[in-house]
There are 2 protein chains.
Amino acid sequence: MKQKRFFLSEDQIPEKWYNIAADMPNKPAPMLNPKTKEPVTEDELSEIFCRECSRQELNVTDRWIDIPGEVREKYCYYRSTPLVRAYGLEEALGTPAHIYFKNESVSPVGSHKLNSALAQAWYCKQEGVRNVTTETGAGQWGTALSYAARIFGMEAAVYQVKISYEQKPYRRSIMQVFGAQVTPSPSMSTRAGKDILTVNPNHQGSLGTAISEAVELARMTPDCKYTLGSTMSHVSLHQTVIGLEAEKQMEMAGEYPDEVIACFGGGSNFSGIAFPFMRHNISGKTHTRFIAAEPASCPKLTRGVLAYDYGDEAGYTPLIPMYTLGHEFMPANIHAGGLRYHGAGAIVTQLLKDGLMEGMDINQIEAFEAGVLFAKAEGIIPAPESSHAIAATVRRALECKETGESKVLLFNLTGHGLMDMSSYDQYLRGNLINYSLTDEEIRKSVKNVVGI
Amino acid sequence: MKQKRFFLSEDQIPEKWYNIAADMPNKPAPMLNPKTKEPVTEDELSEIFCRECSRQELNVTDRWIDIPGEVREKYCYYRSTPLVRAYGLEEALGTPAHIYFKNESVSPVGSHKLNSALAQAWYCKQEGVRNVTTETGAGQWGTALSYAARIFGMEAAVYQVKISYEQKPYRRSIMQVFGAQVTPSPSMSTRAGKDILTVNPNHQGSLGTAISEAVELARMTPDCKYTLGSTMSHVSLHQTVIGLEAEKQMEMAGEYPDEVIACFGGGSNFSGIAFPFMRHNISGKTHTRFIAAEPASCPKLTRGVLAYDYGDEAGYTPLIPMYTLGHEFMPANIHAGGLRYHGAGAIVTQLLKDGLMEGMDINQIEAFEAGVLFAKAEGIIPAPESSHAIAATVRRALECKETGESKVLLFNLTGHGLMDMSSYDQYLRGNLINYSLTDEEIRKSVKNVVGI
């Protein structure tokens with residue numbers, strides 16, 4: 001019988017995260033304090049993030065960072081996640097490629113987001129924080145943080161992008177089951193939210209706006225820290241547990257990936273699965289291809305500009321070196337809410353600039369086609385975000401079919417799509433459309449960014 | 001570090017199912033042909049079920065039944081499911097009991113139902129069947145059959161209880177993603193459905209009605225067989241893979257259950273986890289307690305009568321020896337749709353009569369309280385059906401707290417509740433009520449059953 005799933009034993013679960021910044025040929029450009037234009041300091045970051053995450057954010061020297069024992073213990077409650085050989089998908093495509101996926105959808109909250117939520121919540125707890133706050137778009141990060149806060153005995157306040165709050169009421173319910181306080185954003189509870197609603201009372205919300213609200217709450221509330229689900233370097237760091245496991249599991253399968261593929265919003269799941277493999281490219285041992293699959297309607301990697309830009313709409317964050325569409329970019333309302341973010345994190349930005357990875361843009365109908373194909377072949381209904389990675393993998397697998405190459409493709413299945421069935425409904429009824437941006441729209445959208 | 005999850009390697013996955021009928025001190029009473037009142041034959045059953053399932057249904061002599069290689073291969077795509085030590089729940093309850101659960105929610109379709117769907121679909125396929133049909137209440141069985149039919153290349157037609165079709169549109173979407181044809185029941189597509197709608201155009205549907213429609217479709221369509229998700233002995237047989245795995249996994253954990261607990265609709269998940277352990281009670285080696293947790297609003301085990309009754313509303317099925325509330329019983333619209341069935345299967349009926357197991361009735365608010373407690377403690381949102389087992393486990397664990405006993409409790413987590421968030425919403429808003437039946441209501445409801 002062909003082995004389909006590969007697991008690690010508990011003693012094989014990584015004890016350290018991998019910090020790629022230590023190995024990068026060119027370090028990421030520093031984040032800047034927008035007032036002074038000087039590199040931000042740990043103290044400045046600590047005003048909103050917890051101390052340890054601020055420290056990790058600026059660490060470009062230590063290659064390995066210890067996973068705290070209690071975090072690793074919680075990891076072991078759902079990790080290793082399985083590495084799966086997608087025989088069903090291969091057969092459906094008739095491709096000679098060997099397709100593997102890392103199935104992060106089996107985490108208790110249904111996505112990879114828990115890997116960083118547990119770490120961030122634990123550090124907050126250690127530092128005496130009693131309240132954590134964050135934003136959520138599709139709802140996966142908010143769910144993960146709500147649960148992580150609960151198991152470490154803290155309160156969580158989540159700003160959920162309003163359109164997602166309304167279109168996905170059951171995501172809200174899940175966060176509430178875990179005990180979180182969930183507010184649709186923009187809200188009247190913050191200055192940032194009020195300002196936006198004053199100009200546009202029907203504002204549907206965006207990740208950038210929700211970040212502004214959560215950051216403001218953290219700044220204004222003693223005993224409260226902000227947490228972020230992607231983009232930042234420390235979030236990517238925590239997600240490397242995915243790739244470190246996958247590396248061992250691919251070895252169990254007797255293969256090594258020729259291509260590693262992940263969907264791309266802010267960059268954390270991509271970083272998580274890619275960086276541990278990328279270190280062997282950097283050292284010259286391997287020549288793996290790394291593909292970040294982004295929505296064609298939010299194409300920061302393939303069509304954005306390289307610049308200093310804010311991470312949020314109100315401009316509360318430091319200036320981040322980013323491939324960006326501009327922090328006021330309002331993405332089309334596609335059904336992969338987690339990928340509708342205007343900018344890429346500092347590390348992936350540098351890696352893209354240096355040619356160590358590449359972007360690939362995927363239209364939403366192609367993503368849903370790939371998602372349904374995958375569901376029928378493998379039985380798992382993927383999150384629309386993950387379906388972008390599946391679509392990119394399908395493209396590559398079909399190219400292998402053309403050329404007859406048995407390439408080894410590895411993609412990250414970030415989460416399941418069980419909370420996204422209304423989107424599937426829309427797809428099945430033929431109601432989805434593709435969105436693309438004109439060059440003029442992009443030029444307008446990036447007019448406020450700061451040159452690098 | 002305390003080990004939380006226990007997995008089996010692929011070579012440890014069972015190669016045979018366990019047929020408890022071979023070991024029962026008193027064999028189950030035979031099903032009867034309603035016209036002749038003679039025991040039904042394999043040929044009669046084969047008019048609606050596939051041949052092999054009909055054979056298994058009547059097999060009371062072979063203790064072990066081979067799992068076909070291809071079915072076992074598909075099992076290995078998601079099995080073993082983890083056995084989990086519920087440290088979080090134990091801590092939340094402050095109980096000295098050791099609580100374990102078998103997590104069937106990790107199957108691709110989110111519940112244990114796939115264990116039998118794969119087997120039934122495969123046998124149908126082997127016998128040249130091209131269409132399978134069934135009913136579904138909460139949607140878990142319909143989802144499992146839709147997926148199983150897909151991977152073996154057959155078409156699936158699912159009759160979904162109308163109220164569930166309307167209240168859980170995303171369950172329908174999942175089945176449609178897998179390519180199934182889903183019809184709300186009662187429908188105008190069958191004689192049984194038409195008759196019911198003629199009397200009551202607003203009939204909300206029931207499992208009994210949907211079974212009638214699917215059975216009729218199977219009878220009227222060449223090349224089409226009916227499949228059932230619970231109640232029948234061959235379904236229970238297929239589910240024993242759960243308990244056989246759990247037995248090995250409990251051994252890995254160094255413990256043996258004092259009590260085995262499962263929710264109860266028709267009996268298949270209960271049978272699946274219980275029977276492999278129960279064989280050691282039958283042989284006198286152990287004295288494990290077996291608890292079937294049923295909804296107080298559908299109390300066939302605790303308040304039903306022992307009688308011959310039909311399995312469906314229209315009376316298309318054989319007469320089954322059952323603890324039953326009457327085949328025309330219309331259960332209250334509780335939020336555990338999978339448990340709203342009027343009768344227990346023939347084997348569990350005999351075991352209950354012989355004192356080898358016991359029923360425990362749980363109100364729906366108690367079930368949701370337990371479900372939310374479990375979600376906060378373990379991170380997994382349980383199906384409302386499973387929450388009945390959790391509630392029974394919580395009761396027993398709190399009794400251990402009273403007495404100071406460190407009993408080992410094992411329950412079956414049949415599925416996740418991610419498609420049931422509207423029910424959780426109702427619970428969180430305080431909108432749920434408990435339903436209970438008066439003795440007079442039960443007397444009326446069982447007036448049509450046939451004495452045993």
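Attention in this report is confined to the structure presented alongside it. Because the structure is predicted, anything quoted here is derived from the model rather than measured.

### Let's talk about the pairing of strand E11 (residues 289-295) of chain A
Residues and elements named next belong to chain A.
Reasoning step 1: Among the seven residues of E11, six are classified as buried, and the element is accordingly described as predominantly covered.
Reasoning step 2: Of the crossover connections in this fold, the one passing from strand E10 (residues 259-263) over helix H12 (residues 268-282) to the parallel E11 is right-handed.
Reasoning step 3: With five bridges joining them, E11 and strand E14 (residues 358-362) adopt parallel strand pairing. Following the sheet pairing, proline 295 is matched in E14 by isoleucine 362.

### Focus: the pairing of strand E10 (residues 259-263) of chain B
Residue and element names in this part refer to chain B.
Reasoning step 1: The buried fraction of E10 amounts to five of the five residues, a majority that puts the element mostly inside the structure.
Reasoning step 2: Neither face of E10 is open: one carries Glu259, Ile261 and Cys263, the other Val260 and Ala262, and all of them are buried.
Reasoning step 3: Note: E10 against strand E11 (residues 289-295), five bridges, orientation parallel. Paired with cysteine 263 across the two strands is alanine 293, which belongs to E11.
Reasoning step 4: In this structure, E10 lies alongside strand E15 (residues 408-413), joined through three bridges in parallel fashion. Residue pairing in the sheet places isoleucine 261 in a bridge with phenylalanine 411 of E15.

### A short note on the sheet that holds strand E6 (residues 131-136) of chain A
Residue and element names in this part refer to chain A.
Reasoning step 1: Read from one edge to the other, the open sheet built from four strands follows the order E8-E7-E6-E9, with strand pairing classed as parallel. A single partner strand is all that each edge strand has here, and the edge strands are strand E8 (181-185) and strand E9 (224-226). Looking at each pair of strands side by side, their axes are set apart by 25° on average, direction ignored.
Reasoning step 2: Where E6 and E9 come together, three bridges link them in parallel fashion. The residue bridging threonine 133 from the neighbouring strand is tyrosine 226, located in E9.
Reasoning step 3: Packed on one face of the sheet, helix H8 (residues 169-177) meets E6, strand E7 (155-161) and E8 and runs near 175° to E7.

### Remarks on the pattern of salt bridges
All names here are of chain A.
Reasoning step 1: Tallied over the full model, the rule gives 56 salt bridges over all chains.
Reasoning step 2: With a closest N to O distance of 3.2 Å, arginine 219 and glutamate 47 form a salt bridge. Of this pair, arginine 219 sits in helix H10 (residues 207-220) while glutamate 47 sits in the loop between helix H1 (42-45) and helix H2 (51-58), placing them 172 residues apart in sequence.
Reasoning step 3: The partly exposed category is assigned to arginine 219, whose relative accessible area is 40%.

### What about the environment of B:Pro186?
Residues and elements named next belong to chain B.
Reasoning step 1: Following the sequence through the fold, proline 186 ends up in the loop between strand E8 (181-185) and helix H9 (191-199).
Reasoning step 2: Note: C-alpha distance between proline 186 and valine 161 (25 residues apart in sequence) is 7.2 Å.
Reasoning step 3: If we skip the residues at most four places from it in the chain, proline 186 touches Lys162, Gly193, Ile196, Leu197, His203, Gln204, Gly205, Thr209 and Glu213.

### Notes on the side chain of A:Arg5
Reasoning step 1: Inspection of the secondary structure puts A:Arg5 in strand E1 (residues 5-6).
Reasoning step 2: Buried charge without a salt bridge: A:Arg5, with B:Glu10 as the nearest opposite-charge side chain at an N-O distance of 5.8 Å.
Reasoning step 3: A polar contact of 3.3 Å, which involves the side chain of A:Arg5, links it to the backbone oxygen of B:Tyr78.
Reasoning step 4: A polar atom in the side chain of A:Arg5 sits 3.0 Å from the backbone oxygen of B:Arg79.

### Some thoughts on the sheet that holds strand E5 (residues 98-103) of chain A
All names here are of chain A.
Reasoning step 1: Pairing within the open sheet is mixed, and its seven strands lie in the order E1-E4-E5-E15-E10-E11-E14. Both outer strands of the open sheet, E1 and E14, are each paired with one neighbouring strand and no more.
Reasoning step 2: In the packing of H12 onto the sheet, contacts are made with E5, E10, E11 and strand E15 (408-413), and the angle to E10 comes to roughly 160°.
Reasoning step 3: Along the sheet face, helix H15 (residues 364-378) touches E5, E14 and E15 and points at about 90° away from the line of E14.

### Examining the nonpolar core
Reasoning step 1: Ranked by size, the top nonpolar core spans 160 residues in total, and within it A:Trp17, A:Met357, B:Trp17, B:Phe270, B:Met278 and B:Met357 carry the most contacts.
Reasoning step 2: Counting residues in each nonpolar core, the second largest holds 32 residues, with A:Val84, A:Ile334, A:Ala389 and A:Ala397 among its members.

### Concerning the packing of aromatic side chains
Residues and elements named next belong to chain A.
Reasoning step 1: One pass over the structure, following the stated rule, counts 25 aromatic pairs over all chains.
Reasoning step 2: Arranged with centres 5.7 Å apart and planes meeting at 20°, the rings of phenylalanine 368 and tyrosine 427 form a pair that is stacked. Here tyrosine 427 lies in helix H17 (residues 421-428) and phenylalanine 368 lies in helix H15, a separation of 59 residues in the sequence.
Reasoning step 3: Clustering of aromatic rings is evident, with ring pairs tying together Phe101, Phe374 and Phe411.

### Notes on the interface of chain B and chain A
Reasoning step 1: Taken together, the 43 residues of chain B in the interface contact 43 residues of chain A.
Reasoning step 2: Carbon and sulfur atoms supply 65% of the area buried between chain B and chain A, which totals about 3800 Å² over both sides.
Reasoning step 3: Counting across the chain B and chain A interface gives two salt bridges.
Reasoning step 4: One salt bridge in this structure joins B:Asp425 and A:Arg172, with 3.6 Å as the shortest N-O distance.

Cut-off values and rules
- Residues numbered from 1 in each chain as written.
- Chains lettered and ligands numbered in written order.
- Predicted model: local features only at pLDDT ≥ 70, side-chain atom pairs only at ≥ 80, totals over all residues.
- Heavy atoms only, no water.
- Buried < 20%, exposed > 50% of the residue type's maximum accessible area, 1.4 Å probe, protein only.
- Helix = DSSP H or I, 4+ residues; strand = E, 2+ residues; numbered from the N terminus.
- Right-handed = clockwise from strand over helix to strand, strands pointing away.
- Pairing = 2+ DSSP bridges.
- Axes fitted to C-alpha atoms, helices over the stretch in contact; angles between N-to-C directions.
- Contact = heavy atoms within 4.5 Å.
- Salt bridge = Lys/Arg side-chain N within 4 Å of Asp/Glu carboxyl O.
- Lys, Arg positive; Asp, Glu negative; His and termini not counted.
- Polar contact = N/O pair within 3.5 Å; in protein donor to acceptor, adjacent residues only side chain to side chain.
- Core = buried A, V, L, I, M, F, W, Y, C linked by side-chain atoms within 4.5 Å.
- Phe/Tyr/Trp six-rings, centres within 6.5 Å; stacked < 30°, edge-to-face > 60°.
- Buried area = accessible area lost by both parts, 1.4 Å probe.

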